[in-house]
Amino acid sequence: MASAITSLLPQTPGLLPKWLLFTALISVGNSIQAYTTLKFTSRVYNPTSIDPPPTVPKHVTALSSRTFGTWTFLAAVIRLYAAYNITNGAIYQLAIWAYVCAFVHFTSEWMVFKTTRWGMPLAGPVFISTGTLIWMFTQWDAYVIA
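Residues numbered from 1 in each chain as written. Predicted model: local features only at pLDDT ≥ 70, side-chain atom pairs only at ≥ 80, totals over all residues. Heavy atoms only, no water.

Quick note on the threshold: UniProt positions are given in the numbering used here, feature names are shortened, and annotations may be inferred rather than shown by experiment.
As annotated in an unreviewed UniProt entry, the protein chain carries the name Ergosterol biosynthesis protein-like protein and comes from Paraphoma chrysanthemicola. Its UniProt record gives the protein chain the following Subcellular location (unreviewed entry) comment, quoted word for word: "Endoplasmic reticulum membrane". We quote the UniProt Sequence similarities (unreviewed entry) comment for the protein chain here in full: "Belongs to the ERG28 family."

Set out below in structure tokens:
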């Protein structure tokens, strides 16, 4: 049983490919919830100090949630490809750009557009995107075959 599960993991040595797979799977879950409920999306895009918000914020609609879910699923696909093809420089760069887009999106919604506030629902995506970007930039030479 354990070897069957292990065989599904990326076979490239190191933790980064497994981390990319993990974040891809989490993103797929986030996409599903964005299509099925406004509950979690409204927690992230919540400019109030109340968590969870007492009502769904006006700017969180079913359409915006599904759009976010689609965007998140696309990022998941890129991360999945990177997890299993981490030695390919072009795919590695695409994964970096996917995390850059996530970082820019979440920080601009917080600092520029004010549709969210700092708290647990926002901290996760910001820390994951920032940490993964640092990890990927510092490990380029360990994974990418020139």
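**Some thoughts on the packing of helix α5 (residues 89-111) against helix α6 (residues 120-143)**
Basically, it comes down to this: With axes taken as lines fitted to C-alpha atoms, and helix axes fitted only over the stretch in contact, angles between N-to-C directions fall between 0 and 180 degrees. Working definition: helices are DSSP H or I runs of at least four residues, strands are E runs of at least two. Numbering for both runs from the N terminus. If an angle is under 35 degrees, it is roughly parallel; if it is over 145, roughly antiparallel; if it lies from 65 to 115, roughly perpendicular; otherwise it is oblique. The hand of a helix crossing depends on one turn: near helix anticlockwise from the far one by less than a right angle means left-handed, and clockwise means right-handed. Each residue receives one of three labels: charged for Asp, Glu, Lys and Arg, nonpolar for Ala, Val, Leu, Ile, Met, Phe, Trp, Tyr, Cys and Pro, and polar for the others, Gly being one of them.
Their axes nearest at 9 Å, the elements α5 and α6 cross at an angle of 155°. By the angle class used here, α5 and α6 are roughly antiparallel. α6 is crossed by α5, and the crossing has left-handed handedness. Of the residues that constitute the contact of α5 with α6, the class distribution is 19 nonpolar, seven polar and no charged.

**Side note on the packing of aromatic side chains**
We count it as follows: Note on aromatic contacts: the rings of Phe and Tyr and the six-membered ring of Trp form a pair at centre separations within 6.5 Å, being stacked when their planes are under 30 degrees apart, edge-to-face when over 60 apart, and tilted otherwise. Relative accessibility thresholds used throughout: buried, under 20% of the residue-type maximum; exposed, over 50%; partly exposed, between the two (1.4 Å probe, protein chains only). In this scheme, Lys NZ or Arg CZ marks a charge over a ring once it lies within 6 Å of the ring centre and within 35 degrees of the ring normal.
All chains considered together, the criterion is met by ten aromatic pairs. Relative to tryptophan 135, the ring of tryptophan 19 lies with its centre 6.3 Å away and its plane at 40°, an arrangement referred to as tilted. On the criterion of sequence distance, the pair formed by tryptophan 19 in helix α2 (residues 16-36) and tryptophan 135 in helix α6 is long-range, its members being 116 residues apart. A relative accessible area of 25% places tryptophan 19 in the partly exposed class. Note on tryptophan 135: relative accessible area 29%, which makes it partly exposed. Seen from their ring centres, tyrosine 92 and tryptophan 140 are 5.0 Å apart, and the 85° between their planes marks the pair as edge-to-face. With a gap of 48 residues between them, tyrosine 92 in helix α5 and tryptophan 140 in helix α6 connect regions that are remote in the sequence. For arginine 79, the ring lying beneath its charged end belongs to tyrosine 99, and the centroid distance is 4.2 Å.

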